[in-house]
Amino acid sequence: MMTRLLTTTAISGGVLLALSTPVDAQTPLPPIEVNAPKAFELGQIKVGARRLGVPTRAAEPGDGAGEPRSAQAVPSEKVDNGPTPSQHTDAFGGYTITNRQMETFARPTLDSAVNIAPGVNSQISGNSRNEQNIYVRGFDRWQVPLTVDGVRVYLPVDNRLDFARFLTADIAEVQIAKGYVSVLDGPGGMGGQINLVTRRPTREIEAEWRTRFDFGRDGTFLGPMTYGFVGTKKDMYYAQLSGTFQNYDGWMLPASYRSTLAQGPGFRGQSYTQDYNINARVGVTPNATDEYSLSFSRQEGQKGSPLHTTDPLTGSSGQRYWRWPYWRVQNLYLLSKTQLNDAAYVKTRGYWSKFDNSLVSYDDPSFISQSLPKSFNSAYADYALGAEVEAGTQIGDIDTLKALFFYRLDNHSEWQENFGQNFRGTRSGCVTSVPCFTQPLISSIEDTYSAAVENTFHPRQDIDIVAGFSYDWRHLRQAQGFAVPQGVINYQPIDVQAPNYQGAAIWRYTDTDRIYFNGSSRTRYPTLFERFSTRFGGATSNPTLMPERATNFDLGWSSLLAPGMRVSVDVFYSLVDKLIQSVPAPQFGANVTQSQNVGGGRFWGAEISADYFVREDFSLGGNVTFIRRRVYSPSILNFQPTGVPDFKMFLYAGYRPIPQLTLTPSLEVADARWTTITNGNWYYRTGAYCLTNFNADYTPGDNIKFSAGVRNAFDDYYVLADGYPSPGRTFYLASKVNF
């Protein structure tokens with residue numbers, strides 16, 4: 001496997017250079033101004049220098065320096081218009097993915113976009129849920145909160161988000177905090193945080209329209225994606241409306257895939273997906289410092305669930321015949337910022353969130369009949385209410401003090417229609433495709449609080465020292481479950497609380513170079529699923545499950561080594577305590593598991609990112625990640641942490657032979673990662689790949705662009721999770737019009 005990987009890498013690298021390197025020296029071409037969406041500033045989290053309380057100047061996109069501090073605020077409107085988009089790292093080890101990066105490298109969904117960033121990777125969950133998980137330096141979706149404009153997206157029962165449901169066309173920035181997450185961004189940032197910052201209008205009349213069509217390796221049409229935006233910006237207010245729609249029949253397997261009884265060649269069975277979202281916002285800007293906005297968003301989707309390719313179709317193999325007829329999230333949120341005087345401000349955030357989804361299980365791969373006990377119609381109906389207040393003040397020229405109070409109420413309700421068994425657990429009276437009985441509605445209600453304070457001391461104009469503390473607590477009002485034949489189970493509510501600590505030091509020894517070091521100790525509360533779910537009779541509850549804790553350390557350096565060249569290096573180390581694992585619990589019955597705090601671990605590694613703008617018509621860039629994870633879990637035989645490769649690399653080049661045309665080849669490389677078979681009894685390594693991608697942008701006018709490209713150009717076959725191969729070669733055509 002390693003020989004094959006190295007050979008493919010060498011071939012792909014040669015193709016990349018051949019496609020991107022200019023044949024002859026060219027006269028420098030005038031830059032093409034890229035109409036990049038402006039980020040919604042109220043929706044940003046405290047990434048990089050945005051946490052610091054002294055005047056800042058905007059980052060120059062070409063230097064990737066975040067927002068370095070200077071004695072005077074110096075606005076910069078320099079456009080990131082090189083042949084390739086710049087990378088943006090911050091003074092705390094974080095990384096921001098811009099809308100231009102997502103467009104240039106053809107990343108229409110969040111799970112595909114994060115693979116651009118060092119230290120971050122995504123992959124399929126490797127089970128019948130057909131979900132895309134994201135790992136930030138080895139920490140997964142339970143340990144890395146997701147927010148949209150700073151508003152937490154949290155599924156109260158299990159928080160098993162499917163990141164493929166989040167479309168990126170309307171996202172101005174994806175802010176990724178890694179390891180160090182400010183206590184001012186709320187609880188739960190044990191291993192990092194991902195924040196999606198939506199766009200906002202900048203002109204009196206502004207509109208955009210995008211279309212995209214995807215095709216399989218043999219030219220088969222897979223489906224369309226469409227995005228539209230319209231907005232207005234006046235002196236005292238702004239308003240906007242946008243929406244995205246995609247409808248894909250599925251995706252195609254590589255030609256080298258070998259058929260099994262569960263999956264033939266060509267289209268991946270049950271890989272269809274349909275998603276849409278709509279976003280609306282109105283804002284008031286009464287003066288130069290204050291802003292008040294009301295936003296509404298709704299996203300909805302449906303999807304199939306591909307089968308494990310090698311597990312038997314019948315028997316107790318673990319194959320599940322599932323479909324998701326709807327998956328719906330909607331948010332209404334009010335954000336504000338008020339400048340009290342020259343030194344003090346108040347920010348508020350209030351929101352209402354609703355989450356609904358349905359899961360349907362069938363008897364067999366026909367996806368028609370429902371007559372066996374494993375068939376059901378399950379529905380969740382959840383909502384959340386939350387509010388945050390942040391206040392800060394500048395104390396002279398040497399100190400900034402900020403504080404936050406966070407509150408959130410989560411309410412989970414569920415019910416289920418069962419087939420093939422009645423309330424007593426027998427088949428008496430059951431009829432095919434007719435529910436034999438409906439479980440009663442069960443609910444769980446929980447409050448989450450956090451109080452935080454963060455202080456930034458500026459002993460010198462080029463040094464910042466940050467210290468933060470927060471105290472989080474959860475109050476469980478009600479927790480219910482259901483089992484056959486016991487009926488409704490009322491669990492004893494138990495509250496938990498935990499402190500969090502962090503500190504950082506940043507030295508900007510020149511206007512363009514910096515060194516930083518930070519440390520944090522953060523917790524993650526277990527979900528209702530981990531504490532109370534019986535998992536279709538295969539698990540028992542553990543109401544006393546305690547929070548996990550990670551202690552993270554980060555040392556980084558970023559420098560403008562030469563004109564047009566920036567290099568950033570980051571070394572990290574994490575200690576994980578009370579890691580939650582599902583372990584065998586034979587005292588409760590055969591083949592029964594329980595979530596317990598049995599694990600401890602160490603994650604460590606390094607990240608390197610670089611951009612080099614050789615000429616106005618030619619640039620290079622990329623990043624490399626090395627990571628190792630060791631987890632001690634004595635209750636699970638031969639346990640290995642899954643989902644993260646030890647080595648990951650993303651390289652790209654850009655060349656403009658004429659001002660209207662930009663060619664961007666890119667290369668994605670990863671080595672093997674651990675995975676486990678369906679019953680969890682055996683771990684092995686898989687998933688090494690080298691993917692060659694290519695994108696061409698043609699801009700015939702100032703307001704129109706056409707794009708064409710290919711992903712996985714050599715149709716490489718690779719499997720990231722046991723039994724779930726990845727897509728083969730995919731082509732796309734796209735267009736964008738700005739008005």
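Heads up: these notes are all about the structure in this document. Just so you know, the residues in each chain are numbered from 1, in the order the chain's sequence is written. With the structure being a predicted model, the display of local features is reserved for residues of pLDDT at least 70 and the display and counting of side-chain atom pairs for 80 or more, all residues being used for whole-chain, interface and lining totals. The side-chain quantities take in all heavy atoms of the structure and omit both hydrogens and water.

1. Digging into the overall build of the protein chain
Moving on, step 1. Strands are runs of DSSP state E lasting at least two residues, helices are runs of H or I lasting at least four, and both sets are numbered from the N terminus onward. In terms of regular secondary structure, the protein chain is built from 4 helices and 38 strands.
Moving on, step 2. For the protein chain, the C-alpha atoms occupy an extent of roughly 80 × 60 × 50 Å along the three principal directions.
Moving on, step 3. Relative to its full complement of 739 residues, the protein chain shows a buried share of 59%.
Moving on, step 4. Counting only contacts in the protein chain whose residues sit at least 6 apart along the sequence, the fraction spanning at least 24 positions is 67%.
Moving on, step 5. When the accessible surface of the protein chain is totalled, it reaches about 28,700 Å², and 60% of it is carbon and sulfur.
Moving on, step 6. By the counting rule applied here, Lys and Arg register as positive and Asp and Glu as negative, while His and the ends of each chain are not counted. The atom standing in for a charge is NZ when the residue is Lys, CZ when it is Arg, CG when it is Asp and CD when it is Glu. One way to put it: in the protein chain the 67 positive side-chain charges average out to a point 4 Å from where the 69 negative ones average out. Remark: exposure states derive from per-residue accessible area (1.4 Å probe, protein chains only) relative to the maximum for the residue type, with buried under 20%, exposed over 50%, and partly exposed in between. Every residue pair with non-hydrogen atoms within 4.5 Å of one another is taken to be in contact. Throughout, the Shrake-Rupley method with a 1.4 Å probe supplies accessible areas, and for residues the shown protein chains are the sole cover considered.

2. So, a nonpolar patch on the surface
Moving on, step 1. There is a patch of nonpolar side chains on the surface, built from Val-230, Leu-241, Phe-245, Tyr-276, Ile-278, Val-282, Leu-294, Phe-296, Leu-332 and Leu-334 and spanning about 800 Å² of accessible area.
Moving on, step 2. Elements with a contribution of two residues or more to the nonpolar patch: strand 12 (237-248), strand 13 (273-284), strand 14 (291-304) and strand 15 (321-339).
Moving on, step 3. The leading source of residues in the nonpolar patch is strand 13, at 3 residues.
Moving on, step 4. Mapped onto the secondary structure, Tyr-276 falls in strand 13.
Moving on, step 5. The partly exposed category is assigned to Tyr-276, whose relative accessible area is 31%. Patch definition: residues above 30% relative accessible area lacking any salt bridge, with like charges linked at up to 9 Å and the nonpolar side chains Val, Leu, Ile, Met, Phe, Trp and Tyr linked at up to 5 Å. Whenever Lys or Arg places a side-chain nitrogen within 4 Å of a carboxyl oxygen from Asp or Glu, that contact is recorded as a salt bridge.

3. As for the nonpolar core
Moving on, step 1. By size, the foremost hydrophobic cluster in this structure holds 57 residues, and its most contacted members are Leu-110, Leu-146, Val-174, Ile-176, Ile-194 and Leu-196.
Moving on, step 2. Setting aside residues no more than four positions away along its own chain, Leu-146 makes contact with Leu-110, Val-151, Arg-152, Val-153, Leu-161, Phe-163, Phe-166, Ile-194 and Leu-196. Definition of nonpolar core: a set of buried residues of the types Ala, Val, Leu, Ile, Met, Phe, Trp, Tyr and Cys, connected through side-chain atoms within 4.5 Å.

4. Some details on the side chain of Gln-370
Moving on, step 1. Along the polypeptide, Gln-370 turns up in the loop between strand 16 (344-362) and strand 17 (376-395).
Moving on, step 2. For the purposes of these results, a polar contact is taken to be a pair of N or O atoms within 3.5 Å, where, inside protein, one atom must be able to donate a hydrogen and its partner to accept one; residues adjacent in sequence count only when each atom of the pair is a side-chain atom. Within the structure, the side chain of Gln-370 is placed 3.5 Å from the backbone oxygen of Phe-376, a separation counted as a polar contact.
Moving on, step 3. Looking at Gln-370, its side chain comes within polar contact range of the side chain of Asn-377, at 3.0 Å.
Moving on, step 4. Those residues within four positions of Gln-370 in sequence are excluded, and the remaining contacts are Val-360, Ser-361, Tyr-362, Asp-363, Ser-375, Phe-376, Asn-377, Phe-419, Thr-432 and Ser-433.

5. Looking at the environment of Lys-648
Moving on, step 1. On the secondary structure map, Lys-648 appears in strand 30 (residues 647-658).
Moving on, step 2. On the basis of relative accessibility, which here comes to 8%, the residue Lys-648 falls in the buried class.
Moving on, step 3. A sequence separation of 228 residues divides Lys-648 from Gly-420, and the C-alpha atoms of the two residues are 47 Å apart.
Moving on, step 4. For Lys-648, the residues in contact, after removing those within four places along its chain, are Asn-115, Ala-117, Pro-118, Val-120, Asn-121, Asn-623, Val-624, Thr-625, Val-669 and Ala-670.

6. Section: the pattern of salt bridges
Moving on, step 1. Across all of its chains, the model carries 41 salt bridges by this definition.
Moving on, step 2. Ionic pairing is found between Lys-38 and Glu-41, a salt bridge with its closest N-O pair at 3.3 Å.
Moving on, step 3. Owing to a relative accessible area of 48%, Glu-41 belongs among the partly exposed residues under this scheme.
Moving on, step 4. Linking Asp-158 and Arg-160 is a salt bridge whose minimum nitrogen-to-oxygen distance equals 3.1 Å.
Moving on, step 5. Judged by relative accessible area, which is 4%, Asp-158 ranks as buried.
Moving on, step 6. On the basis of relative accessible area, Arg-160 is assigned to the buried category, the value being 17%.
Moving on, step 7. Among the charged side chains, a network of salt bridges with common partners joins Glu-103, Arg-199, Glu-206, Glu-208, Arg-210, Asp-697, Lys-705 and Lys-736.

7. Thoughts on the state of the cysteines
Moving on, step 1. Note on terminology: disulfide denotes any pair of cysteine sulfur atoms within 2.5 Å. The final tally for this structure, using the stated rule, is 1 disulfide.
Moving on, step 2. Across a sulfur-sulfur distance of 2.1 Å, Cys-430 and Cys-436 are joined as a disulfide pair. Its torsion about the S-S bond being -85°, the disulfide of Cys-430 and Cys-436 is classed as left-handed.
Moving on, step 3. Of the residues examined, Cys-430 reaches a relative accessible area of 22% and is grouped as partly exposed.

8. Thoughts on the packing of aromatic side chains
We describe a pair of aromatic rings using the distance from one ring centre to the other and the angle between the two ring planes.
Moving on, step 1. Aromatic pairs are defined between Phe, Tyr and Trp rings, using the six-membered ring for Trp, whenever the two ring centres lie within 6.5 Å; interplanar angles under 30 degrees are classed as stacked, those over 60 as edge-to-face, and all others as tilted. Tallied over the entire structure, the rule returns 28 aromatic pairs.
Moving on, step 2. Relative to Phe-367, the ring of Tyr-321 lies with its centre 6.0 Å away and its plane at 90°, an arrangement referred to as edge-to-face. Taken together, the residues span a long stretch of sequence, with Tyr-321 in strand 15 and Phe-367 in the loop between strand 16 and strand 17 at a distance of 46 residues. When sorted by exposure, Tyr-321 lands in the same class as Phe-367, which is buried.
Moving on, step 3. Taken together, the ring pairs in this structure connect Tyr-407, Tyr-449, Tyr-471 and Trp-473 into an aromatic cluster.

9. With respect to unusual backbone geometry
Moving on, step 1. The linkage connecting Val-484 with the following residue, Pro-485, adopts the cis geometry, with an omega of 5°.
Moving on, step 2. Secondary-structure assignment places Pro-485 in the loop between strand 22 (480-483) and strand 23 (487-490).
Moving on, step 3. Here the phi dihedral of Asn-130 falls at roughly 55°; this positive angle occurs in a residue that is not glycine.
Moving on, step 4. Summarising the element assignment, Asn-130 is placed in the loop between strand 4 (120-124) and strand 5 (132-136).
Moving on, step 5. Given a relative accessible area of 17%, Asn-130 falls into the buried group.
Moving on, step 6. Phi at Ser-433 takes a positive value of approximately 65°, unusual for a residue other than glycine.

10. Here we look at the pairing of strand 32 (residues 673-676)
Walk down a regular strand and you will see the side chains alternate between the two sheet faces.
Moving on, step 1. Side chains Arg-673 and Thr-675 of strand 32 all project onto a buried face; the interleaved residues Trp-674 and Thr-676 project onto a face where none is buried.
Moving on, step 2. Sheet analysis places strand 32 next to strand 33 (residues 683-686), joined by 4 bridges and oriented antiparallel. Counted as the bridge partner of Arg-673 is Thr-686 from strand 33.
Moving on, step 3. Only when DSSP finds a minimum of two bridges between them are two strands counted as paired. The turn joining strand 32 and strand 33, which pair antiparallel and follow one another in sequence, is formed by 6 residues; a positive phi near 75° is taken by Gly-680.

11. Considerations on the pairing of strand 20 (residues 442-460)
Moving on, step 1. Relative to strand 20, strand 18 (residues 399-418) is paired through 16 bridges, and the arrangement is antiparallel. Along strand 20, the bridge assignment pairs Glu-414 with Ile-442.
Moving on, step 2. Here strand 20 runs beside strand 21 (residues 463-478); their pairing, made up of 14 bridges, is antiparallel. Each bridged residue has a counterpart across the sheet, and for Tyr-449 the counterpart in strand 21 is Trp-473.
Moving on, step 3. Hairpin geometry of strand 20 and strand 21 is characterised by an intervening segment of 2 residues between the two adjacent antiparallel strands.

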